[in-house]
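A structural walkthrough
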Amino acid sequence: MLAAISVVPVLVRVYLSPLRTLQGPPSPSSFYGHVRQVCKAGNAPTTRQWVKQYGTNVLCRWLFMIPCLWTADPLVIRHVLHSGNYVKPWEARISASRVVGDSVLVAEGEKHKGQNPAFGPAQIRELAHIFISKSAELRDLWAGEVAAQGGNAKLNIVDGLKKMTLDVIGLAGFDYHLEALNAKDRPTELNEAFSHIFNATPPVSIFRIIMDFLPFLDFFPDERTKAIRAAHATMHRIGTQLIRDKRAAIMRERADKSSNIEKKDLPGRDLLTLLIKANMATNIPENQRLSDAEVMSRTFLVAGHETTSTAAAWVLFALTQAPRVQQKLREELLGVQTESPTMDELAALPYLDRVVRETLRLHAPVSFTLRSAAEDDVLPVSEPLVDRNGKTQHEIRIAKGNRVIVSILALHHSTEIWGEDALEFRPERWETPPEEASSIPGVWGHMLTFSGGPHACIGYRFSVAELKALVFTLVRAFEFELAVDPEDVGSVGMFTQRPALRSELAKGSQLPLLIRPHVRS
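Quick summary incoming for the structure in this document. (Residues numbered from 1 in each chain as written. Predicted model: local features only at pLDDT ≥ 70, side-chain atom pairs only at ≥ 80, totals over all residues. Heavy atoms only, no water.)

The subject of this paragraph is the sheet that holds strand β12 (residues 512-517). Pairing between the strands of a sheet comes from backbone hydrogen bonds, and it takes one of two forms, parallel or antiparallel. As summarised here, the arrangement of the three strands in space is β4-β12-β9, forming an open sheet in which the pairing is antiparallel. The two strands at the open ends of the sheet, each matched to only one other strand, are β4 (153-156) and β9 (478-482). Strand-to-strand, the axes of this sheet are offset by a mean angle of 35°, without reference to chain direction. Two strands pair when backbone bridges link them, and β4 and β12 are joined in this way by four bridges, in the antiparallel orientation. Of the residues in β12, the one forming a bridge with Asn156 is Pro512. Lying over the sheet, helix α9 (residues 157-174) contacts β4 and β12, oriented at roughly 55° with respect to β4. (Pairing = 2+ DSSP bridges. Helix = DSSP H or I, 4+ residues; strand = E, 2+ residues; numbered from the N terminus. Axes fitted to C-alpha atoms, helices over the stretch in contact; angles between N-to-C directions. Contact = heavy atoms within 4.5 Å.)

What follows covers the nonpolar core. One finds Trp142 and Phe462 to be the most contacted residues of the largest nonpolar core, which totals 120 residues. Among the elements that make up this core, the one with the highest residue count is helix α21 (residues 460-477) (12 residues). Contacts of Phe462, omitting those with residues within four sequence positions, involve Phe119, Ile124, Leu127, Phe131, Val168, Ile169, Ala172 and Leu271. Core analysis: the second largest hydrophobic core is formed by 18 residues, Cys39, Leu63, Cys68 and Phe368 among them. (Core = buried A, V, L, I, M, F, W, Y, C linked by side-chain atoms within 4.5 Å. Buried < 20%, exposed > 50% of the residue type's maximum accessible area, 1.4 Å probe, protein only.)

Following the criterion strictly, the structure yields 11 aromatic pairs and no others. Look at Trp50 and Trp70: their rings are 5.6 Å apart centre to centre, the planes differ by 85°, and that puts the pair in the edge-to-face class. Taken together, the residues Trp50 in helix α3 (residues 44-54) and Trp70 in strand β2 (residues 67-71) connect sequence positions 20 residues apart. Judged by its relative accessible area of 4%, Trp50 is buried. Of the residues examined, Trp70 reaches a relative accessible area of 1% and is grouped as buried. Their ring planes at 80° and their centres at 5.6 Å tell us that Trp314 and Phe317 sit as a pair that is edge-to-face. (Phe/Tyr/Trp six-rings, centres within 6.5 Å; stacked < 30°, edge-to-face > 60°.)

Printed below as a string of structure tokens:
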């Protein structure tokens with residue numbers, strides 16, 4: 001009884017939030033609020049209409065009709081992402097942790113800050129040969145399929161890209177051959193586990209929300225839940241053994257040296273080895289030392305392969321819609337005198353960089369991110385706004401517990417920032433980026449593709465380097481055309497927007513392209 005009474009003031013504060021004075025669209029559901037609209041793939045037209053009608057700061061309703069701030073305001077976003085007051089809410093952390101475990105996606109505070117000893121430029125440079133070799137393996141696989149179909153093949157490129165990026169995570173992450181691209185042999189046990197993790201995301205439902213929040217009530221789990229649980233068990237068993245084996249190898253390597261291992265004395269390549277060695281160093285604070293479970297969760301970057309493969313698919317789609325860009329890019333790539341460039345050589349290709357940046361702007365794989373206010377706060381705004389009472393406001397007040405939806409796509413598609421051609425694929429805009437783009441508080445490239453602030457994606461260098469290696473290898477070798485009507489191309493997913501066909505949404509992510517070898521003149 002006392003517990004119930006103590007909850008009342010919390011509910012009153014949340015529901016009577018000052019956010020209620022903002023303008024916003026009517027709620028389509030008294031339970032889901034606007035959640036299904038916000039989480040629905042391909043919702044960009046809806047949110048563009050919100051901006052047009054209500055501005056860049058909009059009142060919408062989260063689960064249980066809780067007032068929520070939807071924003072595409074750069075100043076508000078900077079405050080939210082860089083302030084320690086805004087954390088991932090329980091529904092985001094619980095749902096994510098059921099899939100990816102206690103990983104970088106769900107960590108908070110100091111726990112998140114101490115997670116990047118293996119993601120610096122020097123470490124990523126050491127992994128370049130893996131990115132290139134696996135890209136070449138995918139190229140050769142596609143070349144075989146093209147030859148088998150008479151020199152012009154129709155392929156669903158999503159499948160191959162997912163397998164390639166999964167193989168990269170295996171080798172670069174923990175020096176493990178997943179063999180996802182190996183069509184001849186049966187998939188490895190760990191490969192199958194990862195595949196189960198990222199099967200089609202179920203739609204938002206009351207039942208799924210309750211089970212995520214109260215998993216001990218899930219007496220009759222569905223097949224997807226059973227598969228995820230089994231996959232986690234497999235990952236834990238194999239991951240634990242990998243850590244034991246690597247730690248033993250490190251100790252043997254250092255047996256003839258002093259037991260005082262310094263961080264600077266510990267070279268390595270795969271991320272698991274780097275993390276274990278850094279964790280064994282004697283010159284790091286105890287609060288930055290990770291448990292074996294934490295080391296494992298930071299190495300099994302299953303989410304990374306999904307977003308990188310999605311980004312690569314959108315790059316190839318964009319190139320099919322801009323043949324001139326595809327040709328210009330290919331000419332630059334063929335000017336490189338080696339098929340195995342270093343990361344520095346890839347970084348020196350300006351048009352490749354512009355194509356990648358423009359794709360990650362226009363087709364950002366992650367469409368939004370969600371935060372919750374830990375305490376009452378006042379948010380600065382880029383420009384004054386008129387509330388639903390007709391009063392001009394120069395700030396936004398928010399109550400503890402209110403959610404903030406940071407719309408990545410709306411910011412990336414803003415005509416106020418990118419100009420009237422914001423929805424066009426035009427890599428040349430990155431020759432002289434608009435001054436307004438400098439207001440976007442992203443960790444990379446004046447965009448929010450990899451978020452920003454303390455919770456920015458720590459693997460962004462890894463992802464960009466891998467993406468450039470893929471595009472370099474594939475565009476040098478093939479010419480790409482879209483095999484379906486462009487109007488039929490849409491997306492599926494919630495947080496990650498994966499390419500799909502509107503006419504076949506039930507089949508999940510797919511992108512059929514016509515592929516033929518490029519013949520040099």
